[in-house]
Amino acid sequence: MMTKNKEKRLNGNGEKELDELLRELNLLRGLVRDVGEGYILRREGEIETLISYLKSLSSGSLKTLAPSLLQEVRSIKLKPAKGRIKDLKGLDDLIEDLTDDVINAQNIRKNP
């Protein structure tokens with residue numbers, strides 16, 4: 001049950017501010033979703049690029065590189081349901097490391 005003081009604050013002038021705040025919070029909620037979707041699309045694109053890099057490696061380079069890449073991918077510990085920034089950072093680092101390793105392998109193949 002609302003107290004009289006709380007009712008007074010919500011009526012009149014307070015109602016306008018509350019409405020404005022609620023609108024802004026709903027906009028913020030949409031922005032969180034948009035930023036999240038942008039992040040997902042960018043990372044998926046980076047993984048697709050990584051896949052194409054891997055496909056361009058020679059079989060010898062791939063045999064040498066694959067075990068360490070597999071170990072790196074399998075070692076990541078994530079808790080997706082928690083939506084932690086820590087997990088996003090881990091994914092960023094993993095994708096960056098894998099890409100660097102594959103690019104280095106391509107460069108070694110080109111410049112023995």
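Sequence order as written defines residue numbering, which begins from 1 separately in each chain. Two thresholds apply to this predicted model, a pLDDT of at least 70 for residue-level local features and 80 or more for giving and counting side-chain atom pairs, whereas whole-chain, interface and lining totals are computed over all residues. Excluding hydrogens and water, the side-chain values take into account all heavy atoms of the structure.

Here's the deal with a negative patch on the surface
Threshold: For patch building, the residue pool is restricted to those with more than 30% relative accessible area and no salt bridge; the joining distance is 9 Å between like charges and 5 Å between nonpolar side chains (Val, Leu, Ile, Met, Phe, Trp, Tyr). For the area figures, the Shrake-Rupley method with a 1.4 Å probe applies, and any residue is considered shielded solely by the protein chains shown. The working definition used for a salt bridge is a side-chain nitrogen of Lys or Arg within 4 Å of a carboxyl oxygen of Asp or Glu. Note that His is not counted, nor are the chain ends; the positive residues are Lys and Arg, and the negative ones are Asp and Glu. Here the site of a charge means NZ on Lys, CZ on Arg, CG on Asp, or CD on Glu. Between buried and exposed lies partly exposed: a residue is buried under 20% and exposed over 50% of the maximum accessible area for its type, with that area taken using a 1.4 Å probe on protein chains only.
A contiguous patch of negative charge, built from Glu15, Glu17, Asp19, Glu20 and Glu24, is present on the exposed surface. Exposure remark for Glu17: the relative accessible area of 46% places this residue in the partly exposed category.

A short note on the nonpolar core
This is how it is decided: Residues grouped as a nonpolar core are buried Ala, Val, Leu, Ile, Met, Phe, Trp, Tyr and Cys residues, joined through side-chain atoms within 4.5 Å. Counting from the N terminus, the helices are DSSP H or I runs at least four residues long and the strands are E runs at least two residues long. By definition, residues are in contact when any of their heavy atoms lie within 4.5 Å.
Counting residues in hydrophobic clusters, the biggest one holds eight residues: Leu50, Leu57, Leu65, Leu69, Leu94, Leu98, Val102 and Ala105. Every element with two or more residues in this core is listed here: helix H3 (59-75) and helix H4 (85-110). With four residues, the top contributor of residues to this core is H4. Those residues within four positions of Leu98 in sequence are excluded, and the remaining contacts are Leu50, Leu69, Glu72 and Val73.

Here's the deal with the layout of surface pockets
Stated formally: We place a 1 Å grid over just the protein atoms. Points where a 1.4 Å probe fits but has no way out form a cavity, open points with protein on both sides within 12 Å along at least 5 of 7 lines form a pocket, and any residue with an atom within 4 Å of a point lines it. Grid points are joined across faces, edges and corners, and a volume is the space filled by probe spheres set on the points. Under this grouping Gly is polar, as are all residues other than the nonpolar Ala, Val, Leu, Ile, Met, Phe, Trp, Tyr, Cys and Pro and the charged Asp, Glu, Lys and Arg.
Roughly 360 Å³ of internal volume is contained in the largest pocket. Forming the walls of the largest pocket are 17 residues, and the residues nearest its centre are Ile47, Leu50, Val73, Ile95 and Leu98. No other element matches helix H2 (residues 13-56), which puts eight residues into the lining of the largest pocket. Estimated volume of the second largest pocket: approximately 280 Å³. Every residue along the wall of the second largest pocket is listed here: Gly36, Tyr39, Ile40, Leu78, Pro80, Gly83, Arg84, Asp87, Leu88 and Leu91. Elements supplying a minimum of two residues to the lining of the second largest pocket: H2 and H4. The residue makeup of the lining of the second largest pocket, split by class, is six nonpolar, two polar and two charged.

Thoughts on H3
The following threshold applies: The span you would expect from a helix comes to 1.5 Å times its residue count less one. The angle separating two fitted axes, one through the seven residues that finish at a residue and one through the seven that start at it, defines the bend at that residue.
Its 17 residues place the ends of H3 24 Å apart at the C-alpha level, agreeing with the 24 Å of an ideal helix rising 1.5 Å per residue. A maximum bend of about 40 degrees is found in H3 at Leu65, where proline Pro67 lies one to four positions downstream. Ser61, Leu65 and Leu69 are the residues of H3 that are buried.

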